[in-house]
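If you want the building blocks of each chain, they are given just below.
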Amino acid sequence: MAFTLPALPYAFNALEPHIDARTMEIHHGKHHNAYVTNLNNAVAGKPEENLSIEEICKNISKYPVAVRNNGGGHYNHSLFWTSMAANAGGQPTGALADAISAAFGTFDEFKTKFNAAAAGRFGSGWAWLIKDASGKLAITSTPNQDNPLMDVAEVKGTPLLGLDVWEHAYYLNYQNRRPDYCAAFWNVVNWSEVAKRFK
Ligand code: MN
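Each value, and the rule that gives it
Residues numbered from 1 in each chain as written. Predicted model: local features only at pLDDT ≥ 70, side-chain atom pairs only at ≥ 80, totals over all residues. Heavy atoms only, no water. Donors = N, O, S within 2.8 Å, 3.2 Å for Na, K, Ca; no water. Buried < 20%, exposed > 50% of the residue type's maximum accessible area, 1.4 Å probe, protein only. Helix = DSSP H or I, 4+ residues; strand = E, 2+ residues; numbered from the N terminus. Pairing = 2+ DSSP bridges. Axes fitted to C-alpha atoms, helices over the stretch in contact; angles between N-to-C directions. Polar contact = N/O pair within 3.5 Å; in protein donor to acceptor, adjacent residues only side chain to side chain. Contact = heavy atoms within 4.5 Å. Core = buried A, V, L, I, M, F, W, Y, C linked by side-chain atoms within 4.5 Å. Salt bridge = Lys/Arg side-chain N within 4 Å of Asp/Glu carboxyl O. Arc of directions from axis to C-beta.

**Thoughts on the coordination of the manganese ion**
Part 1: Binding of the manganese ion to the protein goes through His27 (NE2), His77 (NE2), Asp164 (OD) and His168 (NE2), at separations of 1.9 to 2.1 Å.
Part 2: Spacing between the donor residues of the manganese ion along the chain follows H-x49-H-x86-D-x3-H. His168 shares its class with Asp164; the two are buried.

**With respect to the environment of Pro64**
Part 1: Tracing the backbone shows Pro64 in the loop between helix H2 (53-58) and helix H3 (65-82).
Part 2: For Pro64, a relative accessible area of 40% corresponds to the partly exposed category.
Part 3: For the pair Pro64 and Tyr174, spaced 110 residues apart in sequence, the C-alpha to C-alpha distance is 34 Å.

**Observations regarding the sheet that holds strand E1 (residues 125-131)**
Part 1: Pairing is antiparallel across the open sheet formed by 3 strands, whose spatial order is E2-E1-E3. Only two strands of the sheet have a single partner each, and these edge strands are strand E2 (137-143) and strand E3 (158-164). Taking each pair of neighbouring strands and ignoring which way they run, the sheet shows an average axis angle of 25°.
Part 2: Relative to E2, E1 runs antiparallel, the two sharing 7 bridges.

**Here we look at the side chain of Asn70**
Part 1: Within the fold, Asn70 resides in helix H3.
Part 2: Reaching out from Asn70, the side chain makes a polar contact with the backbone oxygen of Ala66 at a distance of 2.9 Å.
Part 3: If we ignore the near neighbours within four places in the chain, the residues touching Asn70 are Ala34, Tyr35, Asn38 and Leu39.

**Notes on the nonpolar core**
Part 1: If you look at the biggest cluster of nonpolar residues, it comprises 56 residues, and the most contacted ones within it are Tyr181, Phe185 and Trp191.
Part 2: Among all residues touching Phe185, those that are not within four sequence positions of it are Phe80, Met84, Phe114, Leu161, Gly162 and Leu163.

**Observations regarding the pairing of E3**
The side chains of a regular strand alternate between the sheet's two faces.
Part 1: E3 sits mainly inside the fold: 6 of its 7 residues count as buried.
Part 2: Sheet analysis places E1 next to E3, joined by 6 bridges and oriented antiparallel. Of the residues in E3, the one forming a bridge with Leu129 is Leu161.

**Regarding the pattern of salt bridges**
Part 1: Using the criterion set out here, one finds 5 salt bridges in the structure.
Part 2: A salt bridge links Arg177 to Asp180; the shortest N-O distance between them is 3.0 Å.
Part 3: Classification of Arg177 as partly exposed rests on a relative accessible area of 34%.
Part 4: Note that Glu193 is salt-bridged to Lys196, the shortest N-O span being 3.4 Å. With Glu193 and Lys196 both in helix H8 (residues 191-198) and 3 residues apart, the pair spans about one turn of that helix.
Part 5: On the accessibility criterion, Lys196 (59% relative accessible area) is exposed.
Part 6: Each member of the salt-bridge network shares a partner with another, and the members are Glu193, Lys196 and Arg197.

**Quick notes on H8**
Part 1: Along H8, the residues classified as buried are Trp191, Val194, Arg197 and Phe198. Seen from one end, H8 has its buried residues packed into an arc of 115°, which puts them on one side. Away from its buried face, by an angle of more than 90 degrees, H8 presents the exposed residues Ser192 and Lys196.
Part 2: Lining the buried residues of H8 we find H3, helix H4 (94-104), helix H5 (107-120), E1, E2 and E3.

So, in structure tokens, the structure goes:
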């Protein structure tokens, strides 16, 4: 198989109480796993089965919708799991903290704008912190399993941090309270990993 489900880098319950173990287990083992299976089926026997998921995303308009949905799902969730960690949260430091201040004013203003992008995405999708082609940070949001790497994205850039706002990401614990889930996310953000992507 061309693509494989990456292991979660922590236990299912590692992000509690902010994200519950049952949600993590289903989200990783069922949802992400299905994206990987369906992506492998969609690329089987085609040249794209030898490409990286990043390369596929960058030229996504060339591929069938099954590759867009499931390839996006695979890329997005792989980034999401590693964007979080146990005993994480807090604030970024160093060059990333400076870039956030330069782009958004303060860290709190950044969080407010990111939360607004996450809460304002109608239906299913993602909120993102990206680095654009000029090296500047921006906040954006994509529908479904699209992402800012895709050539079809309204706002393009390299994803540094992504938040899944599909109901499957929070419904067991938060039901309709997406803003509460978004607020809790800041307690589990793995800023050292985000800083690595920024470099
Ligand atoms: Mn998801």
